[in-house]
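# Structural features, examined
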Amino acid sequence: MDKVRVVLLFGPQSSGKGTQGMMLEKSLGIPHISTGRLLRVKMEKDLDFREKFNSFVLRGDLVPDQYIYEVLFDRLQEADCQKGFILDGYPRNLSQIKAMEKFLGDYFGSYELSVVNLLIPFESIVQRVSGRFVCSDCGQTYNIYLYPPKVEGVCDSCAGVLEKRADDQPEIIKNRYEIFNQQTVPVLDYYQNLDNVKIFNIDGEQTIDEIFKNIMAKLND
Ligand code: AMP
């Protein structure tokens, strides 16, 4: 049996993980799974969960690890993930790496892991986040500067209403960036020291198509 393929999309907020994740899902035939999106969907359905954890998201803080494990590891046991998956927004700290290694080893046995590292400076993040809109139905992301929808305010894919994310506000953006540097950058350092993990550094300021081509070339190499 082929090894399960795990692709980690790494990069700060608005570096293009969501957009590239959706494109990679179509090309690689494995699902794109964003823990931020899993949390947003769960919070819409489960009001207790929302009451407990929405304040973390609204401050730009990380939701406590054990609740992330619950939503993510349940999702990874669904049928579409059995050949592999693309993770966006996970792992965000060293404990999350350890929990994932244990889950993947226990559940899938052997797997092959690659990290796609999208590089983008803070100034670009601020500009991109200010133009970001998300479909309230299917979660597809748009950006009025980079890839606007065909009709303003309407999702191209499902005709859902586009809205701003509550955590895409200037003060929260700064906090999220600090947390990324303090807690999430060590994740990349960890993988850099492992021989069996491939890391692909990609300039996140190229066009969407160029970034996608570069990622595919590296993944297929
Ligand atoms: P994202 O959609 O990846 O920007 O995530 C939005 C928010 O969801 C983050 O700012 C966190 O509050 C929360 N979140 C998403 N993924 C994780 C994770 N792996 N660990 C903890 N919190 C997370």
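The structure we're discussing is the one just above.
Described in the following lines is the structure provided in the data block.

Thresholds applied
Residues numbered from 1 in each chain as written. Predicted model: local features only at pLDDT ≥ 70, side-chain atom pairs only at ≥ 80, totals over all residues. Heavy atoms only, no water. Near = heavy atom within 4 Å. Polar contact = N/O pair within 3.5 Å; in protein donor to acceptor, adjacent residues only side chain to side chain. Areas by Shrake-Rupley, 256 points an atom, 1.4 Å probe, with all protein chains shown as cover. Nonpolar A, V, L, I, M, F, W, Y, C, P; charged D, E, K, R; others polar. Salt bridge = Lys/Arg side-chain N within 4 Å of Asp/Glu carboxyl O. Buried < 20%, exposed > 50% of the residue type's maximum accessible area, 1.4 Å probe, protein only. Pairing = 2+ DSSP bridges. Helix = DSSP H or I, 4+ residues; strand = E, 2+ residues; numbered from the N terminus. Axes fitted to C-alpha atoms, helices over the stretch in contact; angles between N-to-C directions. Contact = heavy atoms within 4.5 Å. Phe/Tyr/Trp six-rings, centres within 6.5 Å; stacked < 30°, edge-to-face > 60°. Lys NZ or Arg CZ within 6 Å of the ring centre and 35° of its normal.

Attention shifts here to the site of the ligand. Lining the immediate environment of the ligand, one finds 16 residues, of which Thr35, Asp61, Gly89, Gln96 and Arg165 sit closest. Measuring from a nitrogen atom of the ligand, one finds a side-chain N or O atom of Gln96 at 2.9 Å. Residue Arg165 places a side-chain N or O atom 3.0 Å away from an oxygen atom belonging to the ligand. Protein chains bury 96% of the 480 Å² of accessible surface belonging to the ligand in isolation. Of the residues that constitute the shell around the ligand, the class distribution is six nonpolar, four polar and six charged.

This brings us to the pattern of salt bridges. Within the structure shown, the criterion is met by ten salt bridges. With its nearest N and O atoms 2.8 Å apart, the salt bridge here joins Asp61 to Arg59. For Arg59, a relative accessible area of 41% translates into the label partly exposed. Put simply, Arg132, Arg165, Asp167, Asp168 and Arg176 are held in one network by salt bridges that share partners.

Attention now moves to the sheet that holds strand 3 (residues 84–88). Taken in spatial order, the five strands of this open sheet run 2-3-1-4-8, and their pairing is parallel. For this open sheet the edge positions go to strand 2 (32–34) and strand 8 (198–203), each flanked by a neighbour on one side alone. Strand-to-strand twist of the sheet, defined as the mean angle between neighbouring strand axes without regard to direction, takes the value 20 degrees. Two strands pair when backbone bridges link them, and strand 4 (residues 111–119) and strand 8 are joined in this way by six bridges, in the parallel orientation. Considered in strand 8, the bridge of Ser114 is made with Lys198. Contacting strand 2 and strand 3, helix 2 (residues 35–45) runs over the sheet at an angle of about 65 degrees to strand 2. The strands touched by helix 7 (residues 170–192) within the sheet are strand 1 (4–10), strand 4 and strand 8, with strand 1 carrying the most contacts at an inclination of about 140 degrees.

A separate point is the pairing of strand 4. Of the strand pairs in this sheet, strand 1 and strand 4 are connected by seven bridges, and their pairing is parallel. Along strand 4, the bridge assignment pairs Leu8 with Val115.

A full pass over the atoms with the stated rule returns 14 aromatic pairs. Their ring planes at 90 degrees and their centres at 4.8 Å tell us that Tyr107 and Phe108 sit as a pair that is edge-to-face. We classify Tyr107 as partly exposed; its relative accessible area is 34%. Measuring from ring centre to ring centre gives 4.6 Å for Phe122 and Tyr177, while their planes differ by 35 degrees; the resulting arrangement is tilted. Of this pair, Phe122 sits in helix 6 (residues 122–130) while Tyr177 is found in helix 7, placing the two residues 55 residues apart along the sequence. In this structure Phe122 comes out as partly exposed when scored by relative accessible area, which is 25%. Each member of the aromatic cluster is reached from another via a ring pair, and the members are Tyr69, Phe73, Phe85, Tyr90, Phe103, Tyr107 and Phe108. Seen from the ring of Phe49, Lys42 lies directly overhead, with NZ or CZ sitting 5.0 Å from the centre. Above the face of the Phe56 ring, Arg59 is positioned so that its terminal group lies 5.1 Å from the ring centre.

Bringing the sheet that holds strand 7 (residues 162–163) into the picture now. The strand order across the open sheet built from three strands is 6-5-7, with neighbouring strands paired in antiparallel fashion. This sheet does not close on itself; its edge strands, each paired only once, are strand 6 (141–143) and strand 7. As paired elements, strand 5 (residues 132–135) and strand 6 share three bridges and run antiparallel to each other. Note on strand 6: the bridge partner recorded for Val134 is Thr141.

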